[in-house]
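# Per-entry structural report
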Amino acid sequence: MSVIQQVTRDEWRFWHRTKLAATIIIIGTLLTLVSGVVNTLEMQHASHEREHLQQSAQAQFLEQPDRHPHRMVHYGHYVFRTPSALSIIEPGVDAFTGTSIFLEGHKQNTAMFADQRQASGMTRFSSLTPSFLLQVLVPLFIILIGYASVTREKEAGTLNIMITQGINVWHLLLGKYFALVSSGLLMLLPLIVAAVWASINGESALITSSFVAGYILYILVWCGIVLAVSAVNQKNSASFAILVSLWIVLCILLPRIGSSSAAAIAPSPSKLEADFAVKAELRKLGDGHDASDPAFEQLKKNLLTKYNVDKVEDLPINFRGTVAQYSENKLTEILNQFAEKRMQEELEQAYIARQFGWLTPTTAIRSFSMLIAGTSLETHHRFLREAEKLRFDFVQSLNKVHQDNLSYEADANRNKNADATKAARVDAANWQVLSEFSFKPDTAQTRLLRSAIYALQLLFWCGLIVLLLRFAVRRIS
Amino acid sequence: MSVFSNINREARFLVKQRYFFALLTIVLLLSVFSVWSGISETNTQLSTIERLQQKDAIDRANVLAKQSDYGSAAYYSFHLTYSAPSAMAFAAMGQRDIYPWKHRIRMLALEGQIYETDSDNPELSFLGRFDFAFLISVLLPLFVILLLHDLRSAEREAGRYDLLIATASKQQRLWLSRASVLCAALAIALLLPFVIGAIIMQAPLVSTLQVIAVTLGHILFWMLLTLWFTASKVAVKQSSAQIASVLLAVWLGVAVLVPVVSDIAIDEMVQSPNGGEIVLTQREGVNDAWDLPFADTWAPFIATHPQWKNNTEMSSQFEWKWYYAFQQVGDQKAAALSTAYRDATLEKNNLAQRFAYISPPMLAQKLLSSIAETDTLAAMKYEQKVRDYHQALRLFYYPLLFGAAELNEAQNNKTKVKKVAFDAKALSKLPSFSTFKNTIHTAKENI
């Protein structure tokens, strides 16, 4: 054990002396620290802004004057998605999905105003998020620090001396490994602080600790790759060239190739295109604005028999409101069916891209990190579903008000003159039907379950590293 | 003569380098993949547009056949607008996955429709695509560094350095020709698949040459930088790996740090209204109109459309002309915010263009997406075209809704305006987006 410690200490002493490694460690740690702080401030700002917009949208809805209830259906409502606690480290798809949706009757709108649309376009490759630094740049830093850890000893001839002195090669490599890992963990320190901060702000401790654990595994994997390559090569320059090439392939190329392949293998029709199919289905339903549409004949007959009257005018309820309710219900069923299909297609694409986690640890940690942080596609889909639920609820409640609180006669004559228009209104107190919207990320359990397979990918990489190191040890001895 | 013999010797020397060929093969494969995925994406977009055009035409014909007045015709009929990828788009997909390139709009207030985005899968956008522009802008410097960083130090480490210097007539020329041969091979590996792709896609010759020029320029920049550094006094004492580390740090600086810092700076420099405010303003404008006296809608409408001032009379509590007038007024109310929003986007883009001059990778990327017409500017142009087209729809429907012919007749005969008669044939002259040209230059001021 003391041999391992000795090697670790020597390695640190060497870095201290050569300055290069020390500089890289300091730069890496500072970079993650700065990005952590900047991102935390940005996310808090976004979070406050969206909460504020949500409240003002709610207040505006409630402040609307007396109106025809259907006017409120079209007046609609806005919902905003507040970012999750861990998005200070891993903003995930947040910048690429819209963060607000306009909710109105008869339609499911898409999310609007994605941040990237208003950005300068400079951050398509790199971004100052802790996740980008940790997933892409920290491996490069580890390479720069450790590419020569074994080849250096070979070039100087000290490795042979140590082996002839009877030092165990495993001990030697483990000592160097721990040194490398400790430098990687230093750069991870800001992430750990941020994770603690997220815990204080209400994120479950189980989530934040798995989050940190995932990144530690990732650091372990890269340190292992660096050490193994350095151990099997004879020269510093060869070890360096191979490691940098590996970094390009694993950190930059494969994740993008994954994304391009997913788009090419499983192309998903655009929403615009699917909308034609939706429209064709909807046309069969009849227009909910027009109570005399033949599509509602059956509904009318049933109601007339139920209340035992001859004309819709004699019904105790407003038939136009009933039709609005009935058709909104049918229409939403169809809309949801298509929306679910679309989400499924998007998920399938994402799954293909995520399978590249078996080929590169970077994709594995990225999927793991997004899912645990609750900033993945799944969370965005849940936002869409919850927004849709809210939309359906308030639209139907307004339609119910339309049915129960507004007489059929006043409703039918509303365009006759100014007084008739006034008579066809209901009290603003009815607008209280709107329920409050506050979006919370998935529960800790759901997120952990979802990310399990990507944790497995990371563990697979750890296993691979152990095999690689064993191979390296055999090569040396 | 001596230059040629130098190059000849270097070329023969290279054939024996295994590492060099491995790298070149990888580069070639990457280039092939990037071009292939770019072509496949372009074809998908083109066929999507084609299908949409057909479905759109059928859908509109169906809808219009059922209408019996111009107001409903305008209300129920959507119009497809799109921006087809250029022949060069396969090389640089640019911002097309973020900005919409297809919309279906109708004659309602435009501000409520234009921000709807039918965007790509956000997770794939987040991961980023692997296109030719990415290969050229971000990865190319790394290839050059990998190829050239040990130009001198490898010879030094192999103990051949002094011998080489002695046999070469001029030292500078030796390194320059060796680097040129290496980079020429790299350029061929990168550009060959691209040129084939350009021929397949029938890209214009000028833009193909432009892309080649950008590629060669970017290679040249990194080649000279690497040569300069390896020749400097600092590098003499350093090992290959140390030299490469310094060059990598330079790459990190210009490819990662400069863009990130300039992004933050640009955000600070340009104030942009929140997009949400535009749609909220527009919504309030449109919805309030239902409860306001008619005059409140007519006043701002007539201010911009004085030709209809004699025909604002309302015969019922609802008339389509009034309905579309308050849609127009809603747009007018949001116009200032909307213009500010677009100006901010343009301003940010201009600044980014300027900041790109200190980052060759960003510059290469901006140039490529500008050649391919897939940059922010192209997206803004498309948006403006949609706005102009929407304006053309309004100009088409207003005379029908307000009754231009009837108004004329009434004025001549000094009688009251008759009700506007519906004639389905009039709708056959609806402006179509595919043949639409930006003829309304004043559209921006009008909206």
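Residues numbered from 1 in each chain as written. Chains lettered and ligands numbered in written order. Predicted model: local features only at pLDDT ≥ 70, side-chain atom pairs only at ≥ 80, totals over all residues. Heavy atoms only, no water.

For the rest of this paragraph, the subject is the side chain of B:T42. Residues and elements named next belong to chain B. Its place among the elements puts T42 in helix α2 (residues 18–65). Relative accessible area serves as the criterion here: at 1%, T42 is assigned to the buried category. If near-sequence neighbours (up to four positions away) are discounted, T42 is found in contact with P85, S86, A89, F90, M93 and M201. (Helix = DSSP H or I, 4+ residues; strand = E, 2+ residues; numbered from the N terminus. Buried < 20%, exposed > 50% of the residue type's maximum accessible area, 1.4 Å probe, protein only. Contact = heavy atoms within 4.5 Å.)

This part takes up the pairing of strand β1 (residues 77–80) of chain A. Residue and element names in this part refer to chain A. Of the two faces of β1, the one lined by H77 and V79 and the one lined by Y78 and F80 are each fully buried. Relative to strand β2 (residues 100–104), β1 runs antiparallel, the two sharing four bridges. By the bridge assignment, V79 is partnered in β2 with I101. (Pairing = 2+ DSSP bridges.)

Attention shifts here to unusual backbone geometry. All names here are of chain B. One non-glycine residue, Q202, lies in positive phi territory at about 55 degrees. Counting through the fold element by element, Q202 comes out in the loop between α8 (171–200) and α9 (205–231). For Q202, a relative accessible area of 67% puts it in the exposed group. Even without a glycine there, the phi angle at E373 is positive, about 55 degrees. Summarising the element assignment, E373 is placed in the loop between α15 (360–371) and α16 (376–402). Here E373 falls in the exposed class, since its relative accessible area comes to 52%.

The strand order across the open sheet built from three strands is β1-β2-β3 (chain A), with neighbouring strands paired in antiparallel fashion. Strands at the two margins of the open sheet, each flanked by one partner only, are β1 and β3 (107–108) of chain A.

So, about a negative patch on the surface. Taken together, the side chains of A:D310, A:E313, A:D314 and A:E409 present a region of like negative charge at the surface. Looking at A:D314, the relative accessible area reads 42%, which means it is partly exposed. (Patch = residues over 30% accessible without salt bridge, like charges linked within 9 Å, V, L, I, M, F, W, Y side chains within 5 Å. Areas by Shrake-Rupley, 256 points an atom, 1.4 Å probe, with all protein chains shown as cover. Salt bridge = Lys/Arg side-chain N within 4 Å of Asp/Glu carboxyl O. Lys, Arg positive; Asp, Glu negative; His and termini not counted. Charge placed at Lys NZ, Arg CZ, Asp CG, Glu CD.)

Turning to the pattern of salt bridges, a few remarks are in order. One pass over the full model with this rule turns up 35 salt bridges over all chains. The closest approach of N and O atoms between B:R283 and B:E284, which form a salt bridge, is 3.6 Å. Residue class for B:R283 comes out buried when judged on its relative accessible area of 4%. Here the salt bridges do not stand alone but share partners, grouping A:K279, B:D56, B:D59, B:R60 and B:R104 into one network.

Next up on the list: the interface of chain B and chain A. Facing the 92 residues of chain B at the interface are 86 residues of chain A. Each partner contributes to the roughly 8,100 Å² buried at the junction of chain B and chain A, and carbon and sulfur atoms together form 61% of this total. When the shortest N-O distance is used, the salt bridge between B:D288 and A:R67 registers 3.8 Å. Where chain B meets chain A, there are 11 residue pairs in polar contact (both at pLDDT 80 or more). Secondary structure elements with two or more residues in the side of chain B that touches chain A: α2, β2 (102–105), α4 (122–127), α5 (132–148), α11 (240–269), α12 (275–288), α14 (320–355) and α15 of chain B. Of the residues forming the side of chain B that touches chain A, the biggest block, 17 residues, is contributed by α11(B). Residues belonging to the side of chain B that touches chain A are distributed by class as follows: 45 nonpolar, 25 polar and 22 charged. (Buried area = accessible area lost by both parts, 1.4 Å probe. Polar contact = N/O pair within 3.5 Å; in protein donor to acceptor, adjacent residues only side chain to side chain. Nonpolar A, V, L, I, M, F, W, Y, C, P; charged D, E, K, R; others polar.)

Glancing now at the packing of helix α8 (residues 205–232) of chain A against helix α17 (residues 444–476) of chain A. All names here are of chain A. Interhelical geometry of α8 versus α17 gives an angle of 20 degrees and a closest axis separation of 9 Å. For the element pair α8 / α17, the angle class is roughly parallel. The two elements α8 and α17 cross, and the hand of that crossing is left-handed. When the residues that make up the contact of α8 with α17 are grouped by side-chain class, the tally is 22 nonpolar, three polar and two charged. (Axes fitted to C-alpha atoms, helices over the stretch in contact; angles between N-to-C directions. Parallel < 35°, antiparallel > 145°, perpendicular 65-115°, else oblique. Left-handed = near helix turned anticlockwise from the far one by under 90°.)

Let's shift gears to empty space enclosed by the protein. Rolling a probe over the atoms, with the probe sized like a water molecule, indicates the empty space that remains. This structure, assessed with the given rule, holds 10 cavities of 30 Å³ or more. Volume-wise, the largest cavity comes out at about 320 Å³. What lines the largest cavity is a set of 25 residues, and nearest its centre among them are A:R256, B:G94, B:R129, B:D131 and B:Q365. At the level of elements, α2, α5 and α15 of chain B are the ones that each hand at least two residues to the lining of the largest cavity. Among the residues making up the lining of the largest cavity, the classes are represented as 10 nonpolar, seven polar and eight charged. Taken as a whole, the second largest cavity holds about 120 Å³ of empty space. In terms of lining residues, the second largest cavity is bounded by 12 residues, among which B:Q95, B:K366, B:S369, B:D375 and B:T376 are the most central. (1 Å grid on protein atoms, 1.4 Å probe; cavity = no way out; pocket = protein on both sides within 12 Å on 5 of 7 lines; lining within 4 Å. Points joined across faces, edges and corners; volume = space filled by probe spheres on them.)

This next bit is on the packing of aromatic side chains. For the coordinates displayed, the defined rule picks out 47 aromatic pairs over all chains. Taking 5.4 Å as the distance between ring centres and 75 degrees as the angle between the ring planes, the aromatic pair formed by A:W358 and A:F460 counts as edge-to-face. Here the residue A:W358 occupies a position in the loop between α12 (319–355) and α13 (361–373), and A:F460 occupies one in helix α17, the gap between them amounting to 102 residues. Residue classification places A:W358 among the partly exposed residues on the basis of a relative accessible area of 30%. Of the residues examined, A:F460 reaches a relative accessible area of 34% and is grouped as partly exposed. Centre to centre, the rings of B:W320 and B:Y324 are 5.6 Å apart; their planes meet at 20 degrees, and the pair counts as stacked. (Phe/Tyr/Trp six-rings, centres within 6.5 Å; stacked < 30°, edge-to-face > 60°.)

All names here are of chain A. The topology assignment puts I163 in helix α6 (residues 158–164). With a relative accessible area of 29%, I163 lands in the partly exposed category. As for I163 and S230, which are separated by 67 residues in sequence, their C-alpha atoms are 17 Å apart. Ignoring anything within four residues of it in the chain, the contact list for I163 reads V169 and I476.

Before going further, it helps to examine the packing of helix α1 (residues 2–18) of chain A against helix α2 (residues 20–62) of chain A. Residue and element names in this part refer to chain A. The contact between α1 and α2 brings their axes to 5 Å, and the two run at 90 degrees. Classified by the angle between their axes, α1 and α2 sit roughly perpendicular to one another. The residues of α2 that touch α1, namely those facing W12, W15 and T18, are L20, A21, A22 and I25. Broken down by class, the residue content of the contact of α1 with α2 amounts to six nonpolar, one polar and no charged.

All names here are of chain B. Averaged over all residues, the pLDDT of chain B is 83; the fraction at 70 or higher stands at 88%. Across chain B, α9 holds the top mean pLDDT of 93, while helix α18 (residues 443–446) sits lowest at 39. A low-confidence stretch, residues 440–447 stays under pLDDT 50, and its non-local contacts, those more than four residues away or across chains, total 14 contacts. (pLDDT = per-residue confidence, 0-100.)

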